[in-house]
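Reading the structure
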Amino acid sequence: MGRSRTRVWLSERTSYEPVSPARTLAEQAFSRAAGAPLVAGNRVRLLKDAAENYPAWLDAIASAKRTVHFECYIIHEDDVGRRFAEALMEKAAQGVRVRLIYDWLGALGAASRKFWRWLQAAGVEVRCFNPPQLDSPFGWLSRDHRKVLIIDGRIGFVSGLCVGQDWVGYPDKGIDPWRDTGVEIRGPAVADLELAFAQSWAATGDPLPPETLPTREGIAPEGDVALRVIAGVPNSAGTYRLDQLIAAAARQTLWLTDAYFVGTTPYVQALRSAAMDGVDVRLLVPGASDVILMRALSRAGYRPLLEAGVRIFEWNGPMLHAKTAVADGRWARVGSSNLNIASWIGNWELDVAIEDGRFARQMEEMYLEDLTNATEIVLSARRRVETIAPRQRRKRRPRIGHGSASRAAAGVVRIGNVVEAAITDHRTLGPAEARIMLSVGLLLVALTVLSVVWPRLLTIPLAVIMLWTGVSLLYRAWELHGKAAATAAPPARGESVAAKPSESD
């Protein structure tokens, strides 16, 4: 994987502040917004790119004595994926309980059934998250986008990295590695990571025995870093609420890195308000994406941010896949959530929000280093979105079709926003939106022609979708009615109703 720089462990606070009523109130607000308590007593190490993350993951797997819990959106069936598979199978052969969750849509086209059967035959417990089901025609929209690895309930890793050659790069082809960020955690917060994994494991089959899960009290403190583990599930919106709160609370700086930025109107307004209030708001996004039209979709949302003073930078490398934030030199977030509605509302995500000055300063240093390989986007005198300087030549663009499925949902939201704005004329559109409006306009004209000339090309697929949806709703209604009847049924003659035993019985 290549040599990596040694990053320091963060285990000591650099300053101690008296706890004021305002700080207590802020603590309460953050806990309620994120739906996650602040857990103290941890050590945290910042890991940059696969060069630092993958070796740390493999070393931790090799040290496992009891359990390896790995939840990863995509594991590619390539040299990197096979190396991790061999590491997991080796531990399973030693009697370690190795449990692996992968996402069905994420793995589609990335790994074959033979790959998963290979792991299972070696003793790895493999589960697929949310494969297509006849009774849930639109269930596939919710994905397990988490990336977490936990060893023996004592070491945890949270990141934006999947497993694959893209993150290592293709030196023989002159293609650099994808840029990404992760953290290593030791201390009581690892219990929260285990609980998040157990939640996903239960969603895919039989749950883990509760007695096998560690507790915060059962893990000795290893440092003085406080953090929150935000385990996002569909419609919980914990990360979204926290991101909104941080945007509102930032006083000096708010530096964001995101792979598939399609901000909602409330979040964009929160960033605009912060910038107009004098906060140094910066957004670093990919210059070239692994999905067609993603750059155009992101650029369509630049204008309102730039007009408010938000500084936007596009990464010059093959792909920027990190999802991070750092504010006021004291707060930071690292994890799997992108700044779009799919991650905030629809997916299973996992992030850590770290409240530590030293860690935040490391994040700021890394951010400034990243900006040396980025091009700033500005509004020209004609109010056009353009680069502030000639862009550096990229070696290669990333391959298409191997990123997060949430980008597709994010793209749909962005297209919908642009079309809605064009129809209602509620905001000024710029040249960046022209390509989207042109594409949508041509698509609608083409669909109109098809509906007139070959109506069955549209009516038959639509009828299939409606039939599938209708049958699934009837099936679900029948299931719920059966459960309700079973619950309400009186006991048979001669039977007595026994008291339900307590958990302590």
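Residues numbered from 1 in each chain as written. Predicted model: local features only at pLDDT ≥ 70, side-chain atom pairs only at ≥ 80, totals over all residues. Heavy atoms only, no water.

**Focus on the overall build of the protein**
Rules: Helix and strand labels come from DSSP, where a helix needs a run of H or I of at least four residues and a strand needs a run of E of at least two; each type is numbered from the N terminus. Here a residue-residue contact requires only that any non-hydrogen atoms of the pair lie within 4.5 Å. Per-residue and other accessible areas follow the Shrake-Rupley method at a 1.4 Å probe size, with only the shown protein chains counted as cover for residues.
When helices and strands are counted, the protein shows 16 helices and 16 strands. In the protein, 82% of the contacts between residues at least 6 apart in sequence involve partners at least 24 apart. Total accessible area on the protein is roughly 24,300 Å²; 58% of this is exposed by carbon and sulfur atoms.

**Remarks on a nonpolar patch on the surface**
Applicable threshold: Each patch is assembled from residues with relative accessible area greater than 30% and no salt bridge, linking like charges that lie within 9 Å and nonpolar side chains (Val, Leu, Ile, Met, Phe, Trp, Tyr) that lie within 5 Å. By definition here, a salt bridge exists when the distance from a side-chain nitrogen of Lys or Arg to a carboxyl oxygen of Asp or Glu is within 4 Å.
On the surface, V445, V449, V452, V453, W454 and L457 cluster together into a nonpolar patch covering about 610 Å² of accessible area. No other element matches helix α15 (residues 434-453), which puts four residues into the nonpolar patch. Its place among the elements puts V445 in helix α15.

**A few points about the packing of helix α3 (residues 79-93) against helix α5 (residues 113-121)**
Heads up, the condition is: For every element, the axis is a line fit to its C-alpha atoms; helices are fit only across the contacting stretch, and the angle between N-to-C directions ranges from 0 to 180 degrees. Convention used here: angles under 35 degrees read as roughly parallel, angles over 145 as roughly antiparallel, angles from 65 to 115 as roughly perpendicular, and any remaining angle as oblique. Should the near helix be turned anticlockwise from the far one by less than a right angle, the crossing is left-handed, and should it be turned clockwise, the crossing is right-handed.
Two elements in contact, α3 and α5, have axes separated by 9 Å at closest approach and are oriented at 20 degrees. Comparing the axis directions of α3 and α5 gives the class roughly parallel. The two elements α3 and α5 meet at a crossing, and its hand is right-handed. Within the contact between the two elements, α3 uses G81, R82, A85, E86 and M89 and α5 uses F115, W118 and L119.

**Comments concerning the pattern of salt bridges**
One pass over the structure, following the stated rule, counts 19 salt bridges. Taken together, the shared-partner salt bridges connect K48, D49, R179, E369 and D370 into one network.

**Regarding the packing of aromatic side chains**
Rule in force here: Under the pairing criterion, centres of Phe, Tyr and Trp rings, with the six-membered ring standing for Trp, must be within 6.5 Å; the plane angle then separates stacked pairs below 30 degrees from edge-to-face pairs above 60, leaving the rest tilted. Residue burial is assigned from relative accessible area. The probe radius is 1.4 Å, only protein chains are included, and a residue is buried under 20% of its type maximum, exposed over 50%, and partly exposed in between.
As enumerated under the stated definition, the model contains 14 aromatic pairs in all. Between Y102 and W116, the aromatic rings sit 3.7 Å apart at their centres with planes inclined by 5 degrees, giving stacked as the arrangement. Taken together, the positions of Y102 in strand β3 (residues 97-103) and W116 in helix α5 put the pair 14 residues apart, joining distant regions of the chain. What makes W116 buried here is its relative accessible area of 6%. Centroid distance W167 to W178: 4.7 Å. Interplanar angle 55 degrees. Geometry classified as tilted. Here W178 lies in the loop between α6 (165-168) and β7 (181-186) and W167 lies in helix α6, a separation of eleven residues in the sequence. We note that W167, like W178, is buried. Aromatic ring contacts, followed pair by pair, group Y54, W57, F70 and F84 into a single cluster.

**Focus: the nonpolar core**
Selection rule: Nonpolar cores are built from buried Ala, Val, Leu, Ile, Met, Phe, Trp, Tyr and Cys residues. Side-chain atoms within 4.5 Å join them into one set.
Core analysis: the largest hydrophobic core is formed by 46 residues, its most contacted members being F70 and W116. Within the residue set of this core, elements represented by two or more residues are α2 (49-62), β2 (67-72), α3, β3, α5, β5 (147-151) and β6 (155-159). In this view, F70 contacts W57, I75, F84, L88, R99, L100, I101, V148, L149, V163 and F197; residues no more than four positions away in its chain are not counted. Core analysis: the next-biggest nonpolar cluster, separate from the first, contains 43 residues, F129, I185, F313 and L350 among them.

**Some points on the confidence of the model for the protein**
Caution applies to low-pLDDT parts of the model: their predicted coordinates are not meant to be read in detail. Note the cut-off: The pLDDT value expresses, per residue, how confident the predictor is, ranging between 0 and 100.
The predicted model of the protein averages 83 in pLDDT, with 74% of residues at 70 or higher. Per-residue pLDDT stays below 50 along residues 422-429; that stretch engages in twelve contacts with residues further than four places along the chain or on separate chains. Counting interchain partners and residues more than four positions distant, the pLDDT-below-50 stretch residues 492-505 has one contact.

**What about helix α9 (residues 265-276)?**
The condition is simple: Given the number of residues in a helix, its expected span is that number minus one, multiplied by 1.5 Å.
Here α9 contains twelve residues, and its C-alpha end-to-end distance of 16 Å stays within 8% of the 16 Å for a straight helix at 1.5 Å per residue. Buried within α9 are the following residues: Y267, V268, A270, L271, R272, A274 and A275. With its phi angle positive at about 100 degrees, G278 sits one or two positions after the end of α9.

**Observations concerning helix α13 (residues 357-371)**
Heads up, the rule is: Counting of polar contacts relies on pairs of N or O atoms within 3.5 Å, with two restrictions inside protein: one atom must be capable of donating a hydrogen and the other of accepting it, and residues adjacent in sequence are counted only when both atoms are side-chain atoms.
Across its 15 residues, α13 extends 21 Å between first and last C-alpha, which sits within 8% of the 21 Å expected from 1.5 Å per residue. Buried residues of α13: F359, A360, Q362, M363, E364, M366, Y367, D370 and L371, and no others. Backbone nitrogen of R358 and a side-chain oxygen of the N-cap are separated by 3.1 Å at the start of α13; the cap is D356.

**Describing the side chain of T375**
Its place among the elements puts T375 in strand β15 (residues 374-379). At 3.1 Å, the side chain of T375 and the side chain of N316 are in polar contact.

**What about the environment of A300?**
Structurally, the position occupied by A300 is in the loop between α10 (294-299) and α11 (302-308). For A300 and V262, which are 38 residues apart along the polypeptide, the C-alpha to C-alpha distance reads 9.1 Å.

**Remarks on the side chain of D370**
Mapped onto the elements of the fold, D370 is located in helix α13. Residue contacts for D370: discarding those within four places in its chain leaves K48, R179, L284 and W315.

**Observations regarding the environment of F197**
Tracing the sequence through the fold places F197 in helix α7 (residues 190-203). Taking the C-alpha atoms as reference points, F197 and L208, separated by eleven residues in sequence, lie 9.5 Å from one another. Residue contacts for F197: discarding those within four places in its chain leaves H69, F70, E71, R99, I101, I150 and L208.

**Digging into the packing of helix α8 (residues 238-249) against α9**
For the record, the criterion: Note on residue categories: nonpolar means Ala, Val, Leu, Ile, Met, Phe, Trp, Tyr, Cys or Pro, charged means Asp, Glu, Lys or Arg, and polar means any other residue, Gly included.
Where α8 meets α9, the axes come as close as 9 Å, and the angle between the chain directions of the two elements is 20 degrees. Here α9 runs roughly parallel to α8, going by the angle between their axes. When you trace α8 past α9, the crossing you get is left-handed. Every residue of α9 that contacts α8 at Y240, D243, Q244 and A247 is listed here: P266, Y267, A270, L271 and A274. In terms of residue class, the contact of α8 with α9 is built from seven nonpolar, one polar and one charged.

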